[in-house]
Amino acid sequence: MRRSAKKDTLLKVAERLFYEYGFRGVGLKQIINEANVASMTLYNHFGSKDNLVEEVLKQREERYWSYLDAHVEMDSDSPFILVVEAHGRWLKEQSYKGCMFLRAIEDYAGTDNEIESIARGHKSKLLKYFQQLAQKKGIENERNLANQFTLLLEGTTSMTTLIGAEQATEYSIAMARTLVQHTS
């Protein structure tokens, strides 16, 4: 079943505004105005701002994993390098100001809602992704390698705000190659 066009517009506008100004820096009125919808339209699709934030994060996570899946061949000689390269392209195209999930964790820590859980779940999924990749490649101590690659991607994301996605990605690819060489 296709979501309504207005719901899609609300999600797109909300994601852009939350990413640019932060979750706390954007009110529902601004989202409603920029999406050019009535207040009731927003409340019919999302019962609250928290529900809207939850849906934005879920949608962004879905797009991230689809992006990785489209760019990473798991059976290649070096899928770890492909993941780092794909993550770098994602940063350049979608996440040049840092990680929306880390922002959510910071903004909603300890507030007893689903937002922090969704954001932490995204980070846990990344760690599991690398563990499974290491297992498929028959690498011993896959948990350590998964932690190292997760830290590498997180560091790349953080450095993007300082030195740009291209340079941060270049450094991370070089580091990824070193990690892969030491596990072979």
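What counts and how
Residues numbered from 1 in each chain as written. Predicted model: local features only at pLDDT ≥ 70, side-chain atom pairs only at ≥ 80, totals over all residues. Heavy atoms only, no water. Core = buried A, V, L, I, M, F, W, Y, C linked by side-chain atoms within 4.5 Å. Buried < 20%, exposed > 50% of the residue type's maximum accessible area, 1.4 Å probe, protein only. Helix = DSSP H or I, 4+ residues; strand = E, 2+ residues; numbered from the N terminus. Contact = heavy atoms within 4.5 Å. Phe/Tyr/Trp six-rings, centres within 6.5 Å; stacked < 30°, edge-to-face > 60°. Lys NZ or Arg CZ within 6 Å of the ring centre and 35° of its normal.

A. Molecular detail of the nonpolar core. Within the largest apolar cluster, 29 residues are counted, with the highest numbers of intra-cluster contacts made by Phe18, Phe23, Ile31, Leu42, Leu52 and Leu57. Mapped by element, the contributors of at least two residues to this core are helix 1 (5–21), helix 2 (28–35), helix 4 (49–71), helix 6 (100–108) and helix 7 (114–136). At 7 residues, the largest contribution of residues to this core is made by helix 1. When neighbours within four sequence positions are excluded, Phe18 is seen to be in contact with Phe23, Val26, Ile31, Lys49, Leu52, Val53, Val56, Met100 and Arg103. Core analysis: the next-biggest nonpolar cluster, separate from the first, contains 26 residues, Val84, Ala86, Leu127 and Phe130 among them.

B. Expanded view of the packing of aromatic side chains. By the definition in use, this model includes 11 aromatic pairs. Taking the centre distance of 5.7 Å and the plane angle of 75° together, the rings of Tyr19 and Tyr96 count as edge-to-face. Of this pair, Tyr19 sits in helix 1 while Tyr96 sits in the loop between helix 5 (79–94) and helix 6, placing them 77 residues apart in sequence. Residue classification places Tyr19 among the buried residues on the basis of a relative accessible area of 4%. Members of the aromatic cluster, joined through ring pairs, are Tyr64, Trp65, Tyr67, Phe80, Trp90, Tyr129, Phe130 and Phe149. Across the ring face of Tyr19, the terminal group of Arg60 is positioned such that the distance to the ring centre comes to 4.9 Å.

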